[in-house]
Amino acid sequence: MTATSPLLAETIPTPAALSIRLETPDDDAWIEALHEVSFGPGRFARAAYRVRERIAVDDSLSTIAEIDGERAASVRMTPISVGGLNGYMLGPLMTDPQFRKQGAGRALVKHVCDLALARPGIAFVLLVGDFAYYGPLGFERTVPSAIRFPAPVDPARILVMAADASLAETLTGDVAPWV
Ligand SMILES: CC(C)(COP(=O)(O)OP(=O)(O)OC[C@H]1O[C@@H](n2cnc3c(N)ncnc32)[C@H](O)[C@@H]1OP(=O)(O)O)[C@@H](O)C(=O)NCCC(=O)NCCS
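Residues numbered from 1 in each chain as written. Predicted model: local features only at pLDDT ≥ 70, side-chain atom pairs only at ≥ 80, totals over all residues. Heavy atoms only, no water.

J.: Residue-level account of helix α4 (residues 104–117), with values.
T.: For α4, built from 14 residues, the straight-helix expectation of 20 Å at 1.5 Å per residue is met to within 8% by its first-to-last C-alpha distance of 20 Å. Looking only at α4, the buried set comprises A104, G105, L108, V109, V112, C113 and A116. For α4, the angular spread of buried residues about the axis comes to 150°, placing them on one side. (Helix = DSSP H or I, 4+ residues; strand = E, 2+ residues; numbered from the N terminus. Expected span 1.5 Å × (residues − 1). Buried < 20%, exposed > 50% of the residue type's maximum accessible area, 1.4 Å probe, protein only. Arc of directions from axis to C-beta.)

Laid out in structure tokens, this is it:
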């Protein structure tokens, strides 16, 4: 972005305009409303939701992005294991429609993945999502049908980020609580 492009400069926040903080109980109603707007009535049947029904999210990674001091986006992380390795499942990631395409989603993904993968014993961050969005952020496709969720899921949408580059090819098993 340069000063010669004033229109775009208006729509992309400067780093000063975007800030990241931990979620608090005051955010609950806003997050629930955003969940409904983002995923609609089918949200309770989604495979990732079914995992979160069984395993509590890790509050220390539940994060909000604000733009100009207003809530813009939310992400949560659930501690899971696959095939005996501990990691996190990222999601839901949601940006308020009025704040989309300003980098809040990408900033939250980077923030929580950096924090999670720096923790001792954490081998991966996994999610169910679009490769077109998450691929450029460092996620890779997993082996189709190698990772099993408690509800049907399109295997092409199961993506993983790991320090070990071979993990996307070797990770296999049921999504389960930490071992
Ligand atoms: C996906 C979502 C979180 C992105 O939030 P955001 O804050 O707008 O994301 P960013 O600003 O970091 O990135 C925006 C870019 O990603 C693109 N993008 C958004 N969703 C995408 C998708 N599903 N596939 C590919 N690209 C996508 C946008 O078109 C935009 O592209 P541009 O930079 O070329 O204009 C937001 O669109 C959303 O809440 N969607 C509904 C819920 C959802 O689908 N969550 C993800 C579930 S896995």
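Text resumes after the structure shown.
J.: Account for helix α3 (residues 47–54), naming residues and giving values.
T.: Within α3 the residues assigned to the buried category are A47, A48, V51 and R52. Summarising the axial view, the buried residues of α3 lie within an arc of 140°, below the 170-degree limit, and thus occupy one face. Buried residues along α3 sit against α2 (28–39), β3 (70–82), β4 (85–95) and β9 (173–176). (Contact = heavy atoms within 4.5 Å.)

J.: Give a description of the environment of G69 that names residues and reports values.
T.: Tracing the sequence through the fold places G69 in the loop between β2 (63–67) and β3. Sequence separation between G69 and I20 is 49 residues, and the spatial gap between their C-alpha atoms is 10.0 Å.

Just geometry here; none of it tells us what the structure is for.
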